[in-house]
Amino acid sequence: MKIESDFLIIGSGVAGLMFALKVAKVGTVALVTKKSATESNTNYAQGGIASVFDKPDSYDAHIDDTLKSGDGLCDPDVVAMVVKDGPARIRELIEFGVQFNTKSAQDSSIPNLENLDLGREGGHSQNRIVHAQDMTGEAVERALISQIKKNNRITVYENHIAIDLITCSTRVKRGFVTTTHEDYCCGAYVFDRSQSRVKTFCSKITLLATGGAGKVYLYTSNPDIATGDGIAMGYRAGTTVANLEFVQFHPTCLYHPDAKNFLISEAVRGEGGRLIDSQGKPFMEKYDPLKDLACRDVVARAIDTELKKSGDESVFLDISHKGEAFIKNRFPNLYQKALQFGFDMTQEPLPVVPAAHYICGGVTTDMEGRTDIRHLYAVGEAACTGLHGANRLASNSLLEALVYSHRAAAAAMEDLKKFQFNFPVISPWDEMSTTDSDEQIMVSHNWDEIRRLMWNYVGIVRSDKRLERAKRRIEIILKEIHDYYWDFKITSDLIELRNLATVADLIITCATHRKESRGLHYNIEYPERNDNLWQKDTILRRPFLG
Ligand code: FAD
Ligand code: SIN
């Protein structure tokens, strides 16, 4: 089955939805998403969106905080552009109906740029986090989806998982897609999970908005969709990817066997919450003058060090001193969620541990979200724009996705006007001679093994020996997946496993390459930052396969 549209968007988080709403003004849009439309990292975002509104804050201060957090690897032009476009993008969200919190109860029904309540998070020198209680992402996702539903130029395909991008030189044989580098993108093969069949989506412009890759790690704040599909698909198609060693571990996820690493927002520390050890002693002053509001890399490593020293299973986050009324009003979702697991945060500290949260690297783009394959754009967590450098500043991710979806949409609409598009003859998906697998165990075993080896060997603190071990194992796993993929019918678990393995391999390769410690990448063999040799991005490109 073949579906043609002007724009194909892969992913329904903030990046994909915002882009869709904009480009639908000039063309038809097919938006594929692998589960329900709301299921995305965006939907779970808590703290908010960083932006500058009022004195004593300034663009310079936000730029400076972003550059400091990025530890020498941000692109200063990108940082300045994103920061300065922030207020306009927040205004747009308000116009779409997002109910951000306002300064006082009286004006709570009409948020505008003057009356927004601004929270604080680690690494920010000012209060500048716009938020909708402690469920900002859900409020944004809900508002955008309701706009999408009203738009008859946008068709949303839920439960459709993209397998591979199609470029003009794509040749496909039993699931193996080969492409050349001198190419343009013209769509994607997509697996319809409800009908168990592969469809060919042909498009003039394609957007990767597939989000992050937290599921590469055993413990993550991310939902199940975050398997790095866009990064893996982009890499296979021949895009450049970069900086994948910079995986951000969020310092505070709830420690409970059933909590699936539920995030306890950094906004809790922004409102005065303190990290303490099992003896009730605060420890962050030993690590950074900013204490509990230091950047995330510092706080996550501090917790890791404390846990290794004490042998405890978690540290604790205490905000009970702020009182019941304040906590229930500011963090209604966190309060309820913690209560479900038996913790009353108004009365007691919460047990917390770090978990994989955000990937700073991804498919590289220019300032308009263009990748180095023509007519292929990437926006959001799947992209590497130069904003985050070696460590993303808290709440700069939703901001980046908003700014770049706006810019990429403008560029893509221009492309559509400028170029004469002729769809090349696209080979249909070839399922001949593949059979149903009787060895599903390979899939579940390798899922588990990848996530465990990444946690143990490529986690918060790395060493050459651990990275070598990880590389040896991932090569065996990649080979097994390759052989299996060749023989058996495709399933969504297999598609995700293949992507997970590719992204794990890319993270290991980048981490092995960087012989220094910077931002989120810490190697005990090279504990210092080395600007002479390593103040540069780690860039990878798939070898040309012919
Ligand atoms: P996502 O929102 O993850 O959307 C990706 C979409 O792509 C999903 O719909 C997914 O199903 C789909 N998809 C993936 N692969 C495929 C495929 N192969 N085929 C079809 N569809 C596919 N950032 C902030 O700035 N502020 C915060 O307060 C904040 N809090 C966070 C809290 C949590 C718990 C988490 C996990 C993240 C948080 N972040 C926060 C990070 C931020 O939410 C994400 O980086 C951002 O939402 C990414 O948006 P996106 O549109 O790029 O990707
Ligand atoms: C949080 O609320 O702590 C998450 C913020 C972010 O990841 O930017």
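Look above for the structure.
Residues numbered from 1 in each chain as written. Chains lettered and ligands numbered in written order. Predicted model: local features only at pLDDT ≥ 70, side-chain atom pairs only at ≥ 80, totals over all residues. Heavy atoms only, no water.

Chemist: Just give me the short version of the sheet that holds strand S16 (residues 350–359), but keep the residues and values in it.
Modeler: One open sheet accounts for 4 strands, arranged S13-S16-S15-S14; its pairing is antiparallel. In this open sheet, the two strands that pair with only one neighbour each are strand S13 (247–254) and strand S14 (274–276). On average, adjacent strands in this sheet sit at an angle of 45° to one another, irrespective of strand direction. By the bridge criterion, 3 bridges tie S14 to strand S15 (residues 315–318) in an arrangement that is antiparallel. Residue Leu275 lies in a different strand from S15, and its bridge partner there is Leu317. (Pairing = 2+ DSSP bridges. Helix = DSSP H or I, 4+ residues; strand = E, 2+ residues; numbered from the N terminus. Axes fitted to C-alpha atoms, helices over the stretch in contact; angles between N-to-C directions.)

Chemist: Any details on the site of ligand 1? Residues and values, ideally.
Modeler: Around ligand 1, a shell composed of 39 residues is seen, among which Thr42, Gly48, Asp229, Glu381 and Ser397 lie nearest. Ser12 has a polar backbone atom sitting 3.0 Å from an oxygen atom of ligand 1. The side chain of Ser395 places a nitrogen or oxygen atom 3.4 Å from a nitrogen atom of ligand 1. Split by residue class, the shell around ligand 1 holds 14 nonpolar, 20 polar and 5 charged. (Near = heavy atom within 4 Å. Polar contact = N/O pair within 3.5 Å; in protein donor to acceptor, adjacent residues only side chain to side chain. Nonpolar A, V, L, I, M, F, W, Y, C, P; charged D, E, K, R; others polar.)

Chemist: Before we move on, can you summarise empty space enclosed by the protein with the specific residues and values?
Modeler: All chains considered together, the criterion is met by 3 cavities of 30 Å³ or more. Computed from the structure, the second largest cavity encloses a volume of approximately 40 Å³. Taken together, Val247, Phe249, Asp297, Ala300, Arg301, Ile460 and Leu520 make up the lining of the second largest cavity. Of all the secondary structure elements, the ones that give two or more residues to the lining of the second largest cavity are S13 and helix H7 (296–310). With 3 residues, the single largest contributor to the lining of the second largest cavity is H7. Looking at the lining of the second largest cavity residue by residue, the class counts come to 5 nonpolar, no polar and 2 charged. (1 Å grid on protein atoms, 1.4 Å probe; cavity = no way out; pocket = protein on both sides within 12 Å on 5 of 7 lines; lining within 4 Å. Points joined across faces, edges and corners; volume = space filled by probe spheres on them.)

Chemist: Would you mind going over unusual backbone geometry in detail, with residue names and values included?
Modeler: Cis geometry marks the peptide bond from Lys55 to Pro56, where omega comes out at 5°. A positive phi is found at Asn261, a non-glycine position, where the angle reads about 55°. Mapping Asn261 onto the fold places it in the loop between S13 and helix H6 (267–270). Classification of Asn261 by relative accessible area gives buried; the value is 13%. Of note in this structure, Ser395 is not a glycine but carries a positive phi near 65°. Residue placement: Ser395 occurs in the loop between strand S19 (383–384) and helix H10 (396–418). (Buried < 20%, exposed > 50% of the residue type's maximum accessible area, 1.4 Å probe, protein only.)

Chemist: Explain the nonpolar core residue by residue, including any values.
Modeler: Met454, Val458 and Ile507 are the most contacted members of the largest nonpolar core, which totals 75 residues. No other element matches the 12 residues that helix H13 (residues 492–513) contributes to this core. Apart from the residues within four sequence positions on either side, Ile507 is in contact with Val216, Tyr217, Leu244, Glu245, Val247, Ile359, Met454 and Val458. Ranked by size, the runner-up nonpolar core spans 61 residues in total, among them Leu93, Ile94, Leu402 and Ala412. (Core = buried A, V, L, I, M, F, W, Y, C linked by side-chain atoms within 4.5 Å. Contact = heavy atoms within 4.5 Å.)

Purely spatial values, then, with no claim about function.
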